[in-house]
Amino acid sequence: MHRSIAQFLQYLATERNASDLTIKAYREDLFGLVEWLQATRGSTPRPDALSPQDLRAFQAALQEAGYARTTIARKLASLRSFYRFAMRQGIATSNPAKPLRNPRRQRKLPHVLSNEEVGRLLLAPPANVTAGLRDRAILETMYSAGLRVSELVGLRDGDMDFEQQILRVRGKGRKERISPLGSFAIKAIRQYAKRRIRDPKVEVLGRDTPVFVNRFGRILTTRSIGRMLDKYIAIVGLDARTSPHTLRHSFATHLLDRGADIRSVQELLGHKSLATTQIYTHVSAANLLSVYEKAHPRAS
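Notes on the structure follow. All of these numbers come straight from a predicted model, not from anything done at the bench.

This part covers the sheet that holds strand β1 (residues 160-161). Spatially, 3 strands are ordered β1-β2-β3 in an open sheet, and the strand pairing comes out antiparallel. Strands at the two margins of the open sheet, each flanked by one partner only, are β1 and β3 (176-180). Two strands pair when backbone bridges link them, and strand β2 (residues 166-170) and β3 are joined in this way by 5 bridges, in the antiparallel orientation. Across the sheet, the residue bridging to Leu-167 is Ser-179, located in β3.

Below is the structure:
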């Protein structure tokens, strides 16, 4: 085994022109297997003597030792590469690492604002200047309808139906959906629209007039909305992880917290797959657990 690993590392250096760091990682991964074999068997068998069951036991040992999922996946990839080389060289007749499945990646829960934090953020833009009215309307609309930033900047006057309290949204893949628009968002948009219509720099295109424009009368970019939000995050003192997408995450989580069914939330978000929406059920459950642990006298 030692000789075969040395040949593989030499191959990486001379024929694959791998970097020193890459070779170091492969060396550590492969000799980690050697050390485990010596500790559990008292010897190191030849590469062709190992079976998928042997390597599954090694994988299980890594998991029990507390290695991260990404680290285990990298070590398995190193074993697969080593055995592909060993098969080409006639050192092994099969690749026992090929059947092994990488551990599932742990999906990170999205950052979500509380109801109180959302309220503070929405009130942060000043209501006595045009830019402040616009920013408040943007934040209210994003939270009210659970919009992506790209969907927000694409809104036109003709997409708004204030009487029905709905708006037409163009999502990913140009797929359209109808989203509800709350009364607070409608009020904020109307207040801003009164200022916008008097701005000579804004080109009036009827139903195709952009709902939100910059100080030059042009369509806002997603980057400019990100910068705008960063300003108010600093003013309000919110978590630095807060981004424009955080309002969308908060929208979905707050709906589920208040009893909305997941299928409806899927439609409102414009998710193609229900699995994408299910991440918010975990966030909602995590919030409930946090409340329980803080409030229940015998929680801990």
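Counted under the stated rule, the structure contains 14 salt bridges. Here Arg-74 ties to Asp-29 by a salt bridge, and the two come within 2.6 Å at their closest N and O atoms. A residue pair is termed long-range when its members are at least 10 positions apart, and Arg-74 in helix α4 (residues 69-88) and Asp-29 in helix α2 (residues 20-41) qualify at 45 residues. Residue classification places Arg-74 among the partly exposed positions, given a relative accessible area of 37%. Note that Arg-170 is salt-bridged to Asp-159, the shortest N-O span being 2.7 Å. On the criterion of sequence distance, the pair formed by Arg-170 in strand β2 and Asp-159 in the loop between α7 (149-153) and β1 is long-range, its members being 11 residues apart. By relative accessible area, which is 34% here, Arg-170 ends up partly exposed. Here the salt bridges do not stand alone but share partners, grouping Asp-29, Arg-74 and Lys-75 into one network.

Secondary-structure assignment places Leu-139 in helix α6 (residues 130-145). Exposure remark for Leu-139: the relative accessible area of 1% places this residue in the buried category. With 102 residues separating them in the primary sequence, Leu-139 and Leu-37 have C-alpha atoms 58 Å apart. When residues no more than four places from it in sequence are discounted, the contact partners of Leu-139 are Leu-121, Leu-122, Pro-125, Met-228, Leu-229, Tyr-232 and Leu-247.

Procedures and definitions
- Residues numbered from 1 in each chain as written.
- Predicted model: local features only at pLDDT ≥ 70, side-chain atom pairs only at ≥ 80, totals over all residues.
- Heavy atoms only, no water.
- Pairing = 2+ DSSP bridges.
- Helix = DSSP H or I, 4+ residues; strand = E, 2+ residues; numbered from the N terminus.
- Salt bridge = Lys/Arg side-chain N within 4 Å of Asp/Glu carboxyl O.
- Buried < 20%, exposed > 50% of the residue type's maximum accessible area, 1.4 Å probe, protein only.
- Contact = heavy atoms within 4.5 Å.

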